[in-house]
Amino acid sequence: MKLAGVLSLLEAGVGGGSSGFDVTAIMTDSVVTLQGQLFSVLGVVVPAIVVVTAAIVATKFGISWMRRIKG
C-alpha cells in the first residue's frame, strides 16, 4: 500500500485510526519543531564559526606582520 493511501485511510478513520487524527496538523507541528531546533543549533554554530575564522585570520595577519618587522 502506498503512503498516500495509508495517510488517506488514517485521515478517514478507517483501519483502526482515530477520527481526530489530522495529518496536516501533525506535519505542520513537526516542521515547526524542526525549524525551531535548527535555528537554535544555528544560533550556537554560526557564532562559533565566526570566532574560529576570526582567530585564524588574526593569527595569519599577526605572523605576516611579525615577519615584516623582523626584516
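Note that this is a predicted model, so its numbers are computed, not measured.

Caption draft 1: Main features of the overall build of the chain. Helices and strands together make up the secondary structure of the chain, namely 2 helices and 0 strands. Total accessible area on the chain stands at roughly 6,000 Å², and carbon and sulfur atoms take up 73% of it.

Caption draft 2: Quick peek at a nonpolar patch on the surface. A contiguous nonpolar patch, built from Phe39, Leu42, Val46 and Val50 and spanning about 380 Å² of accessible area, is present on the exposed surface. Mapping Leu42 onto the fold places it in helix α2 (residues 23-70). With a relative accessible area of 45%, Leu42 lands in the partly exposed category.

Caption draft 3: Fine view of α2. Look at α2: 69 Å from first C-alpha to last across 48 residues, which is about the 70 Å you get at 1.5 Å a residue. Where α2 ends, the next residue or the one after it, Gly71, has phi of about 125°, a positive value.

Each value, and the rule that gives it
Each chain has its residues counted from 1, running along the sequence as written. Residues qualify for local features only when their pLDDT is at least 70, as the model is predicted, and side-chain atom pairs are given and counted only at 80 or more; totals for whole chains, interfaces and linings, by contrast, use all residues. Based on all heavy atoms of the structure, the side-chain values leave hydrogens and waters out of the count. Secondary structure elements are taken from DSSP: a helix is a run of H or I of four residues or more, a strand is a run of E of two residues or more, and numbering for both begins at the N terminus. Areas reported as accessible are Shrake-Rupley estimates using a 1.4 Å probe. Residue values count occlusion only from the protein chains shown. Patches here: salt-bridge-free residues with over 30% relative accessible area, like charges joined within 9 Å, nonpolar side chains (Val, Leu, Ile, Met, Phe, Trp, Tyr) joined within 5 Å. A pairing counts as a salt bridge when a side-chain nitrogen of Lys or Arg comes within 4 Å of a carboxyl oxygen of Asp or Glu. Exposure categories follow from relative accessible area, calculated using a 1.4 Å probe and restricted to protein chains: below 20% of the type maximum is buried, above 50% is exposed, and the middle band is partly exposed. Each helix should span, by expectation, one fewer than its residue count multiplied by 1.5 Å.

It is worth stressing that arrangement in space is one thing and function is another; only the former is reported here.
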